[in-house]
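# Structural features, examined
Listed below, chain by chain, are the residues.
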Amino acid sequence: MMTLYNNPQSRGLTLLPLLKELDITDQIQHVEVAYAAMHQPAYVQINPMGKVPCLVDQDVVISEMAAIYVYLADKYRDKGLAPDLDDPKRGAYLKWIFFCHGPLTEWIDIKNLNISAEDIEKNRRSLSFGDEASVQRFLKQGLQQANPYLLGEKCSAADLYVAYCLIFAMSSKILPDFEEFRPFLQTMAQRDSLQDIAWFQPYRT
């Protein structure tokens, strides 16, 4: 039995569709960590960053969202959500997961902090996302190439991560509802693992 430390108001909810797709919800013990307890000694001993989500699998502690995604998709690779190590598609798969965890998440946080475009431009070289136009261009070009999923005909963990991040940013009015996103989001909205997420309702046919 694995233990997932999480919080219903955190980005850790992004993991729930993955757990459903892997059919391992009954193998996960969920422990809710209140924000007030995240930096208390009991939890900091598990995750020194004092953040959720954090997955514990016996003696293995995985504390970053992207790492949990990759770890679980590889652990249950018989479910087909992760390309094999020698599959050429593995590179694109990892690119999308770490784009979400890095540049896209950083951009979302910067937008939430209401940092001015002038300050962003001034510090562009030190920001992983560069600027807003770069993030949007990356997403538009990549999603236009989805056929119908990011890696082709088969859904992967990267699709689940990208779809959730996209729909979160759009529902928060951070990212516009670009036409280039619609075919991909409509495809993802049909998956059983995303049926309980109300944000996808406009894309269900």
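Here, the structure is the one placed above.
Residues numbered from 1 in each chain as written. Predicted model: local features only at pLDDT ≥ 70, side-chain atom pairs only at ≥ 80, totals over all residues. Heavy atoms only, no water.

To continue, consider the packing of helix H4 (residues 90-112) against helix H6 (residues 132-144). It is the contact of H4 with H6, at a shortest axis distance of 11 Å, that shows an interaxial angle of 145°. Here the hand of the crossing between H4 and H6 comes out left-handed. Counted together, Lys95, Trp96, Phe99, Leu104, Trp107 and Lys111 of H4 and Glu132, Val135, Gln136, Phe138, Leu139, Gly142 and Leu143 of H6 form the full contact between these two elements. Along the lines of polarity and charge, the residues of the contact of H4 with H6 split into 8 nonpolar, 2 polar and 3 charged. (Axes fitted to C-alpha atoms, helices over the stretch in contact; angles between N-to-C directions. Helix = DSSP H or I, 4+ residues; strand = E, 2+ residues; numbered from the N terminus. Left-handed = near helix turned anticlockwise from the far one by under 90°. Contact = heavy atoms within 4.5 Å. Nonpolar A, V, L, I, M, F, W, Y, C, P; charged D, E, K, R; others polar.)

A few words on the pattern of salt bridges. In total, this model carries 9 salt bridges according to the counting rule given. We note a salt bridge from Asp74 to Arg90, for which the minimum N-O separation is 2.9 Å. On the criterion of sequence distance, the pair formed by Asp74 in helix H3 (residues 65-75) and Arg90 in helix H4 is long-range, its members being 16 residues apart. The partly exposed category is assigned to Asp74, whose relative accessible area is 22%. A salt bridge links Arg182 to Asp177; the nearest nitrogen and oxygen atoms lie 2.7 Å apart. (Salt bridge = Lys/Arg side-chain N within 4 Å of Asp/Glu carboxyl O. Buried < 20%, exposed > 50% of the residue type's maximum accessible area, 1.4 Å probe, protein only.)

The buried fraction of strand S1 (residues 2-6) is high, at 5 of 5 residues. Sheet analysis places S1 next to strand S2 (residues 28-32), joined by 5 bridges and oriented parallel. Pairing of Asn6 across the sheet is with Glu32, part of S2. Alignment of S1 against strand S3 (residues 54-57), held across 3 bridges, turns out to be antiparallel. Note that in S3 the partner of Leu4 across the bridge is Leu55. (Pairing = 2+ DSSP bridges.)

Turning next to the layout of surface pockets. Of the pockets and cavities examined, the largest pocket occupies roughly 550 Å³. What lines the largest pocket is a set of 24 residues, and nearest its centre among them are Arg11, Val52, Pro53, Met65 and Thr105. Those elements that place two or more of their residues in the lining of the largest pocket are H4 and helix H7 (157-171). For the lining of the largest pocket, the leading source of residues is H4, giving 6 residues. Approximately 160 Å³ is the volume found for the second largest pocket. Lining the second largest pocket are 13 residues, and of these Gly80, Pro83, Asp87, Leu151 and Lys154 sit closest to its centre. (1 Å grid on protein atoms, 1.4 Å probe; cavity = no way out; pocket = protein on both sides within 12 Å on 5 of 7 lines; lining within 4 Å. Points joined across faces, edges and corners; volume = space filled by probe spheres on them.)

Spatial relationships are all this shows, so hold off on functional conclusions.
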